[in-house]
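# Notes for the structure review
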Amino acid sequence: MSFKIRVPASGHEFIAEPDETILEAALRQGIGLPYGCRNGACGKCAGEVISGKTAYDTGALRASAKQEHEAGKTLFCQACAVSDLAIEVREVVKNTDIEIKTLPCRVEKMNLLTHDVMKLQLKLPETERLQFMAGQYLEFLLKDGKRRAFSIANAPHDDEYIELHIRHVPDGHFGDYVFDGLKEKTLMRIEGPLGSYFLREDSQCPVILMGGGTGYAPLKGMLEHAFHIKLDRPVHL
Ligand code: FES
């Protein structure tokens with residue numbers, strides 16, 4: 001049996017299945033609720049249940065999430081609905097609603113996509129997830145103070161790893177490093193999410209995506225997101 005979740009402040013409604021958290025249900029249906037870890041640590045997903053009941057293991061909460069729970073809040077990354085609900089929560093509707101974070105990350109996997117494009121998959125610490133809008137980018141913060149920007153190629157819901165496509169351009173120092181020096185398990189620092197290039201989910205217009213080479217990376221993230229939320233508009237690639 002599924003349950004209806006209402007957010008009276010915005011008028012949004014979505015359906016939650018009994019085996020998914022309220023956060024998962026919202027994101028699956030294109031409703032942007034905030035989160036920072038999705039595993040009961042950061043407290044960023046906390047909100048109020050105005051009416052109805054939820055269930056979850058509050059004993060597993062840690063750190064800030066535990067404090068939010070003790071203050072009477074519900075952690076929507078952990079809670080499942082056991083009845084219809086009305087909730088109060090800050091919604092993420094545009095890029096500026098998302099906190100820009102500086103985070104350590106580990107290069108988990110490296111795969112050549114073509115002779116001059118490397119796919120990197122970055123893993124964040126266990127207690128962190130990078131919330132972003134499909135199509136945004138991040139920057140590597142390098143030891144010499146320089147930054148290198150790359151579009152995020154995965155969709156927000158599929159965020160166990162952050163996927164980047166890096167082209168090896170002639171005389172590009174960072175590309176040289178990625179292709180000739182970087183190894184899996186290397187620790188790096190990133191800042192993100194950044195940029196105002198993202199899929200406008202509240203528009204009714206057809207979506208036209210154009211890009212070449214590694215310019216496909218943000219389009220891939222947008223397409224995967226559009227499929228995930230079952231976007232009901234024509235999409236042209
Ligand atoms: S997203 Fe971090 S506790 Fe829910």
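This text follows the structure it describes.
Judged by pairing direction, the sheet is antiparallel, and its six strands sit side by side in the order S11-S10-S13-S8-S9-S12 without closing on themselves. This sheet does not close on itself; its edge strands, each paired only once, are strand S11 (147-151) and strand S12 (162-167). Put simply, the sheet's adjacent strands are angled 40° from each other on average, direction ignored. Examined bridge by bridge, strand S10 (residues 137-141) and strand S13 (residues 187-194) share three bridges and lie antiparallel to one another. Bridge pairing in S13 places Tyr137 opposite Leu194. Packed on one face of the sheet, helix H3 (residues 173-180) meets strand S8 (101-114), strand S9 (117-123), S10, S11, S12 and S13 and runs near 110° to S12.

Within S12, five of the six residues are buried, leaving the element largely enclosed by the surrounding structure. Alignment of S9 against S12, held across six bridges, turns out to be antiparallel. Of the residues in S12, the one forming a bridge with Leu122 is Ile162.

Two faces belong to every sheet, and in a regular strand the side chains alternate between them. With burial as the criterion, only one face of strand S1 (residues 3-7) is covered, namely that bearing Phe3, Ile5 and Val7; the residues Lys4 and Arg6 on the opposite face remain uncovered. When S1 meets strand S2 (residues 12-16), the two strands line up antiparallel, connected through five bridges. In the sheet register, Phe3 faces S2, and the bridge partner there is Ala16. Once S1 ends, the chain turns through four residues before running back antiparallel as S2, passing Gly11 with a positive phi of about 85°.

Rules of the game
- Residues numbered from 1 in each chain as written.
- Predicted model: local features only at pLDDT ≥ 70, side-chain atom pairs only at ≥ 80, totals over all residues.
- Heavy atoms only, no water.
- Pairing = 2+ DSSP bridges.
- Helix = DSSP H or I, 4+ residues; strand = E, 2+ residues; numbered from the N terminus.
- Axes fitted to C-alpha atoms, helices over the stretch in contact; angles between N-to-C directions.
- Contact = heavy atoms within 4.5 Å.
- Buried < 20%, exposed > 50% of the residue type's maximum accessible area, 1.4 Å probe, protein only.

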